[in-house]
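Each chain is listed here by its residues.
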Amino acid sequence: MEQTSPAQPNPVNYNPDNLLNALIERLELKNDAALARLLEIAPPLLSKIRHRRLPVGAALLIRMHEVSGLPVRELRNLMGDRRQKYRISLVQGKPKEG
């Protein structure tokens with residue numbers, strides 16, 4: 001049985017739908033399109049997040065905090081991300097060789 005490391009979110013508990021639904025409810029919005037307008041992002045971005053093709057990035061998480069007033073910790077908890085520490089990948093953001 002493989003254990004999930006503390007640096008990785010548990011895929012069983014990770015559910016960005018909970019986060020998006022909670023924001024829609026808290027901000028009294030009708031749907032994802034209204035949330036996208038409020039966050040000032042393109043609606044397909046939220047669709048990609050809902051379909052797990054794109055993670056909730058730091059910039060979007062901060063924007064959600066600014067719009068909702070909820071602490072970032074609470075926003076992360078809503079989507080099941082309960083990591084205590086974050087590590088920056090040495091591969092991430094590195095230009096491709098070639």
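Undergrad: Even after reading the chapter, I still don't get helix α1 (residues 16–26), so can you show me in this structure?
TA: Each α-helix winds once per 3.6 residues, and so residues spaced three or four apart point in a common direction. For α1, every residue scored as buried is listed here: P16, L19, L20, L23 and I24. The buried residues of α1 occupy one face: seen down the axis, they fall within an arc of 130°. In the core, the buried residues of α1 are packed alongside α2 (32–39), α3 (43–50), α4 (58–68) and α5 (72–78). The backbone nitrogen of D17 lies 3.0 Å from a side-chain oxygen of the residue at the head of α1, namely N15.

Undergrad: Explain the nonpolar core to me, please; I cannot follow it from the model alone.
TA: Inside soluble globular proteins, nonpolar side chains tend to come together where they are buried. By size, the foremost hydrophobic cluster in this structure holds 17 residues, and its most contacted members are L19 and M64. Mapped onto this core, the elements with two or more residues apiece are α1, α2, α3 and α4. Tallying contributions element by element places α1 first for this core, with four residues. Those residues within four positions of L19 in sequence are excluded, and the remaining contacts are V56, L61, M64, L75, L78 and M79.

The rules behind the values
Residues numbered from 1 in each chain as written. Predicted model: local features only at pLDDT ≥ 70, side-chain atom pairs only at ≥ 80, totals over all residues. Heavy atoms only, no water. Buried < 20%, exposed > 50% of the residue type's maximum accessible area, 1.4 Å probe, protein only. Helix = DSSP H or I, 4+ residues; strand = E, 2+ residues; numbered from the N terminus. Arc of directions from axis to C-beta. Contact = heavy atoms within 4.5 Å. Polar contact = N/O pair within 3.5 Å; in protein donor to acceptor, adjacent residues only side chain to side chain. Core = buried A, V, L, I, M, F, W, Y, C linked by side-chain atoms within 4.5 Å.

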